[in-house]
Amino acid sequence: MFELNETLEQARQRNIHDALLEDIGTGDWTAMLVPTKTVKAQLIVRQKAVLCGVDWFEGTLKKLDPNASITWQYIEGDWMEPDTKVCDIQADSRALLSAERTCINFLQTLSSTASIAREHVEAIKGVSQNPKGCAVLDTRKTIPGLRQAQKYAVRVGGGKNQRLALWHGILIKENHIAAAGSVTAALQNARSLNSGVDIQIEVENFAELEEALAAGAKSILIDNFTPEQMRQAVSLTAGRALLEASGGIDLDQMRAIAATGVDRISLGKLTKDIHAVDFSMRILS
């Protein structure tokens, strides 16, 4: 249907282009009110958050002023403290004013995603009895157009990525199973594609779990199981397949779920239930 699977760098350049096109269009009339000159500015963060989106911020500003300079006080992935300076900026006045909102939009969104991911990763630290540990994963419930960016932000926050997109892996869900006729048939159909990508199947009960294991599934998503059912699933699986827990999981449930021994926990909220991090930019001179 499409000609390529987009890389992170390609996605970032598209993000920057589209966001500036959306905001500036044929011109920024308000920026024309100020004289063209080099100005200095500071970016302040108003709350504790994980810094993420530096390349989007810099790329946006330098798209309008290639000579702009930015000195960061934090590095990507750092926890930032409230009311502290994030970076010093020197740039053309009109370029900075035109880029300001777009720069901050990227930073506030990606920093939010990274912060939520970090909170969930830290919540299960040292809890899992699984010798491989328990990973925190995202889903495809991302903001349209920002899939690669948000998936990157999850990694910055210490989480890992579920499949990046439909082209990146096969995830057989309840509707696929219903259409194929059974768990076994769906798995056989997936293998017959010889796609070269990972195959995962979602199960909703122990009968489906046992059928998936019997059919040779190597990656199984157990949806809406209770922690006790997850423990039983881990015991039943006995290492034959990777087990991933999902289904409306809250932060306060994370430790109990990780303690069951599942390999992974996937959460749509890492990328969809975000609250923009509060940043403020001020021109100093």
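Residues numbered from 1 in each chain as written. Predicted model: local features only at pLDDT ≥ 70, side-chain atom pairs only at ≥ 80, totals over all residues. Heavy atoms only, no water.

Engineer: Sorry if this is basic, but what is going on with the overall build of the chain here?
Structural biologist: Summing up its helical and strand segments, the chain has 10 helices and 12 strands in all. Sorting the 285 residues of the chain into buried and exposed places 48% on the buried side. As displayed, the chain has an accessible area near 14300 Å², and 51% of this comes from carbon and sulfur atoms. Both charge centroids of the chain, one from 31 positive and one from 35 negative side chains, sit 3 Å from each other. (Helix = DSSP H or I, 4+ residues; strand = E, 2+ residues; numbered from the N terminus. Buried < 20%, exposed > 50% of the residue type's maximum accessible area, 1.4 Å probe, protein only. Areas by Shrake-Rupley, 256 points an atom, 1.4 Å probe, with all protein chains shown as cover. Lys, Arg positive; Asp, Glu negative; His and termini not counted. Charge placed at Lys NZ, Arg CZ, Asp CG, Glu CD.)

Engineer: Looking at this structure, I do not really get the nonpolar core. What am I missing?
Structural biologist: For soluble globular proteins, the rule of thumb is that nonpolar side chains tend to be buried together. By size, the foremost hydrophobic cluster in this structure holds 38 residues, and its most contacted members are Ile172, Ile201, Ile220, Ile222, Met254, Val262 and Ile265. When residues in this core are grouped by element, the largest group, 4 residues, is from helix H6 (residues 183–192). Setting aside its immediate chain neighbours within four residues, isoleucine 201 contacts Leu171, Ile172, Ile177, Val183, Leu187, Ala212, Ala217, Ser219, Ile220 and Leu221. By size, the runner-up hydrophobic cluster in this structure holds 26 residues, among which are Leu43, Cys87, Ile89 and Cys103. (Core = buried A, V, L, I, M, F, W, Y, C linked by side-chain atoms within 4.5 Å. Contact = heavy atoms within 4.5 Å.)

Engineer: Would you take a moment to explain the sheet that holds strand E7 (residues 169–172) for this structure?
Structural biologist: Strand pairing in a sheet relies on backbone hydrogen bonds, with the paired strands running either antiparallel or parallel. In space, the 6 strands of this open sheet follow the order E6-E11-E10-E9-E8-E7, with parallel pairing throughout. The open sheet has two edge strands, strand E6 (135–137) and E7, and neither has a second partner. Across this sheet, the average inter-strand angle for adjacent strands is 25°, counted without regard to direction. Bridge count between strand E8 (residues 198–203) and strand E9 (residues 219–223): 3 bridges; the pairing is parallel. Within the sheet, the bridge partner assigned to valine 203 lies in E9 and is isoleucine 222. (Pairing = 2+ DSSP bridges. Axes fitted to C-alpha atoms, helices over the stretch in contact; angles between N-to-C directions.)

Engineer: Please clarify how the packing of aromatic side chains should be interpreted in this entry.
Structural biologist: The relation between two aromatic rings is expressed through the spacing of the ring centres and the mutual angle of the planes. For the structure shown, the criterion picks out 3 aromatic pairs. The ring centre of tryptophan 56 lies 5.0 Å from the NZ or CZ of arginine 12, which sits over that ring. The ring of tryptophan 79 carries lysine 48 above its face, with NZ or CZ at 4.9 Å from the centroid. (Phe/Tyr/Trp six-rings, centres within 6.5 Å; stacked < 30°, edge-to-face > 60°. Lys NZ or Arg CZ within 6 Å of the ring centre and 35° of its normal.)

Engineer: What's the story with helix H8 (residues 227–237) in this structure? I'm lost.
Structural biologist: Since the α-helix turns once every 3.6 residues, residues separated by three or four places project in the same direction. For H8, the full list of buried residues reads Met230, Ala233 and Thr237. Projected onto a plane normal to the axis of H8, the buried residues spread over an arc of 60° and lie on a single side. Where H8 is buried, its residues touch helix H7 (206–214), E9, strand E10 (242–246) and helix H9 (254–258). Downstream of H8 by one or two residues, alanine 238 has phi in the positive range, about 50°. (Arc of directions from axis to C-beta.)

Engineer: Can you walk me through the packing of H7 against H8 in this structure?
Structural biologist: Packed helices, taken two at a time, are described by the angle between their axes plus the distance between the axes. Running from N to C, H7 and H8 point in directions that differ by 20°, and their axes come no closer than 11 Å. Viewed along their axes, H7 and H8 adopt a mutual orientation that is roughly parallel. Of the two possible hands of crossing, H7 and H8 adopt the one that is right-handed. Contacts between H7 and H8 involve Phe206, Leu209, Glu210 and Leu213 on the former and, on the latter, Gln229, Gln232, Ala233, Leu236 and Thr237. Grouping the amino acids of the contact of H7 with H8 by side-chain chemistry returns 5 nonpolar, 3 polar and 1 charged. (Parallel < 35°, antiparallel > 145°, perpendicular 65-115°, else oblique. Left-handed = near helix turned anticlockwise from the far one by under 90°. Nonpolar A, V, L, I, M, F, W, Y, C, P; charged D, E, K, R; others polar.)

Engineer: Sorry, what's going on with the pattern of salt bridges here?
Structural biologist: Where charged atoms from two side chains of opposite charge come close, those side chains can pair. In the structure shown here, the tally under the stated rule is 11 salt bridges. The salt bridge partner of arginine 12 is glutamate 9, with a shortest N-O separation of 2.2 Å. Of the two residues, arginine 12 and glutamate 9 are both situated in helix H1 (residues 8–24); the distance of 3 residues between them amounts to about one turn of the helix. On the accessibility criterion, glutamate 9 (37% relative accessible area) is partly exposed. Residue aspartate 250 pairs with lysine 269 through a salt bridge whose shortest N-O separation is 3.0 Å. (Salt bridge = Lys/Arg side-chain N within 4 Å of Asp/Glu carboxyl O.)

Function-wise, these values are silent; they only describe arrangement.
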